[in-house]
Amino acid sequence: MIALADLGCAGLFWELFSLRRDVISRLSISTAYPALFLTAAAMLVGPWNVLHGRTNRVSFDLRRDLGIWAGIMALLHTGIGINVHLRGRPWLYFIDEHHRVRHDLFGMGNDTGLLAALLFLLLLAISNDFSLRRLGTRTWKSLQRWTYVAMVLAVMHAVAYQLVEKRQAAYDTLLWATIAATAVLQVAGWWTTKRKEGGSELASPVQQ
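Calculation criteria
- Residues numbered from 1 in each chain as written.
- Predicted model: local features only at pLDDT ≥ 70, side-chain atom pairs only at ≥ 80, totals over all residues.
- Heavy atoms only, no water.
- Salt bridge = Lys/Arg side-chain N within 4 Å of Asp/Glu carboxyl O.
- Helix = DSSP H or I, 4+ residues; strand = E, 2+ residues; numbered from the N terminus.
- Buried < 20%, exposed > 50% of the residue type's maximum accessible area, 1.4 Å probe, protein only.
- Expected span 1.5 Å × (residues − 1).
- Bend = angle between axes of the 7 residues up to and from the residue.
- Core = buried A, V, L, I, M, F, W, Y, C linked by side-chain atoms within 4.5 Å.
- Contact = heavy atoms within 4.5 Å.
- Axes fitted to C-alpha atoms, helices over the stretch in contact; angles between N-to-C directions.
- Parallel < 35°, antiparallel > 145°, perpendicular 65-115°, else oblique.
- Left-handed = near helix turned anticlockwise from the far one by under 90°.
- Nonpolar A, V, L, I, M, F, W, Y, C, P; charged D, E, K, R; others polar.

### Considering the pattern of salt bridges
- In the structure shown here, the tally under the stated rule is 3 salt bridges.
- Between Asp129 and Arg64 there is a salt bridge, with its nearest N and O atoms 2.9 Å apart. Of this pair, Asp129 sits in helix H5 (residues 129–135) while Arg64 sits in helix H3 (residues 61–81); the two residues are 65 residues apart in sequence, bridging distant segments of the chain.
- Of the residues examined, Arg64 reaches a relative accessible area of 15% and is grouped as buried.

What follows is the structure, encoded as structure tokens:
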């Protein structure tokens, strides 16, 4: 079901971005937004469970599958994206023609995108039961928390490219709505967890 939804979303953005006639540009955008939505969805499963009084296990299939597909789409987007503007010269996304590191908005967008992709690669590598058993719950969970850093980097990358490419307002709205929904539910889940922990601490002396 996740794969079908992913393909459907990719197909939708392929059509929406039809103003760009070249295939590489359309493939880039049709992998970018599904990666963003899937990452947001994977991050929202935990807070959603907390807000509905459900127990969050260390690892469960839905969140893991969403994360795996998010990682796959993010890496596909990276591989395609570094061929959109400078065909056949991907190094120029990070350094200019004079071999100097880019410090402009274009360079910042590429640097954050690459760092996010490397983190997604790490997260993909440990998204399995073998890694959980091998690393142990504490280490595995600490590595999984790099998802938050990957999301922040991906958002910085997305915002930079919105500005660089001067995309339509609809894309801006969609991006910021996704960011806002993710942030609000994350904060709500964190706040609910803290309140429950505080209530348990207050109740424990009475129970003793």
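### Some points on helix H2 (residues 23–51)
- Relative to the 42 Å expected for 29 residues at 1.5 Å per residue, H2 spans 42 Å between its end C-alpha atoms, a close match to the ideal helical length.
- Helix geometry: H2 is bent most strongly at Leu44, by close to 30°, with proline Pro47 lying one to four residues after it.
- At the C-terminal side of H2, Gly53 shows a positive phi close to 70°.

### A word on the nonpolar core
- In terms of nonpolar packing, the biggest core is built from 17 residues, with Leu38, Leu66, Ala116, Phe120 and Ala150 touching the most fellow members.
- At the level of elements, H2, H3, helix H4 (105–125) and helix H7 (146–165) are the ones that each hand at least two residues to this core.
- Aside from chain neighbours lying at most four places away, what touches Leu66 is Ile2, Leu38, Ala41, Ala42 and Val45.
- Counting residues in hydrophobic clusters, the runner-up holds 13 residues, among them Cys9, Phe13, Ala40 and Met151.

### As for the packing of H3 against H4
- H4 packs onto H3 with a crossing angle of 140° between their chain directions and a minimal axis gap of 9 Å. Here H3 lies oblique to H4, going by the angle between them. For the pair H3 and H4, the sense of crossing is left-handed. From H3, Ile68, Gly71, Ile72, Ala74, Leu75 and Thr78 reach across to H4, where they touch Gly113, Ala117, Phe120, Leu121 and Leu124.
- For the contact of H3 with H4, the class distribution of residues is 8 nonpolar, 3 polar and no charged.

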